Amino acid sequence: MLNKKLDREEENTEKKTEVDRYLMEQCVDVDDVDFDLLTWWKLNASRFKILSMIARDVLAIPVSTVSSESAFSTAGRVVDPFRSSLTPKTVEALICIQNWIRSKPI
């Protein structure tokens with residue numbers, strides 16, 4: 001009886017998608033100080049081939065604490081109505097010069 005139940009569970013597991021099998025996994029306590037997400041995916045890559053590749057790609061993106069607004073800001077409008085007739089190459093040169101002037105000496 002127990003063998004039949006295990007056989008049915010194995011068949012059901014084989015029919016399920018990788019995402020379904022991942023979602024059925026027991027949750028891991030991530031509050032544990034020693035938990036390493038990259039190591040978990042490395043150890044479970046053979047069980048979740050496609051998801052581990054997605055996780056590798058997503059987790060490789062560096063984290064930034066800078067808001068997107070300030071990341072792309074040059075402290076004011078670069079192209080105002082007066083400068084709107086400048087070519088993109090000239091605007092790029094002005095931004096580079098502005099960065100060079102504001103930078104600290106080496």
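Treat the numbers as computed from the prediction; the structure is a model and nothing was measured.

Okay, the overall build of the chain next. The secondary structure content of the chain amounts to six helices and zero strands. Secondary structure elements of the chain, listed N to C terminal, follow the sequence α-α-α-α-α-α. When the accessible surface of the chain is summed, it comes to about 10,000 Å², and 60% of that surface belongs to carbon and sulfur atoms.

With that settled, the discussion passes to helix H4 (residues 49-59). Among all positions in H4, only Leu 51, Ser 52 and Ala 55 are buried. The arc that holds every buried residue of H4, seen down its axis, measures 100 degrees, which confines them to one face. Seen from the buried face of H4, the exposed residues on the opposite side, beyond 90 degrees, are Lys 49, Ile 50 and Arg 56. Contact partners of the buried residues in H4: helix H2 (18-24) and helix H3 (37-43).

Applying the stated criterion across every chain yields a total of two salt bridges. One salt bridge in this structure joins Arg 47 and Glu 25, with 2.1 Å as the shortest N-O distance. Here Arg 47 is found in the loop between H3 and H4, whereas its partner Glu 25 is found in the loop between H2 and H3, with 22 residues between them in sequence. Owing to a relative accessible area of 30%, Glu 25 belongs among the partly exposed residues under this scheme. Across the pair Asp 57 and Arg 56 runs a salt bridge, and its minimum N-O distance is 3.7 Å. Note on Asp 57: relative accessible area 49%, which makes it partly exposed. Judged by its relative accessible area of 53%, Arg 56 falls in the exposed class.

Counting across every chain of the model gives six aromatic pairs. Their ring planes at 90 degrees and their centres at 5.6 Å tell us that Tyr 22 and Phe 48 sit as a pair that is edge-to-face. With Tyr 22 in helix H2 and Phe 48 in the loop between H3 and H4, the pair connects residues that are 26 residues apart, well separated along the chain. Since its relative accessible area comes to 32%, Tyr 22 is described here as partly exposed. Overall, the relative accessible area of 1% leaves Phe 48 in the buried class. An aromatic cluster is built from Tyr 22, Trp 40, Trp 41 and Phe 48, whose rings are joined through pairwise contacts.

Rules behind the numbers
Chains are numbered independently. Their residues run from 1 in the order of the written sequence. Predicted model: local features are reported for residues with pLDDT of at least 70 only, side-chain atom pairs are reported and counted for 80 or more only, and whole-chain, interface and lining totals are derived from all residues. Excluded from the side-chain calculations are hydrogens and water; all other atoms, namely the structure's heavy atoms, are used. Elements are defined by DSSP. Helices are runs of H or I of four residues or more, strands are runs of E of two residues or more, and each kind is numbered from the N terminus. Only the protein chains shown count as cover for residues, with accessible areas throughout obtained via the Shrake-Rupley method and a probe of 1.4 Å. Any residue under 20% of the maximum accessible area for its type is buried, any over 50% is exposed, and the rest in between are partly exposed; the area is computed with a 1.4 Å probe on protein chains only. Here the arc refers to the directions that run from the helix axis out to each C-beta atom. Two residues qualify as a contact provided that any one of their heavy atoms is within 4.5 Å of a heavy atom in the partner residue. Just to be clear on terms, a salt bridge is a Lys or Arg side-chain nitrogen sitting within 4 Å of an Asp or Glu carboxyl oxygen. A pair of Phe, Tyr and Trp rings is counted when the ring centres sit within 6.5 Å of each other, with Trp represented by its six-membered ring. The angle between the planes then sorts it: under 30 degrees is stacked, over 60 is edge-to-face, the rest tilted.

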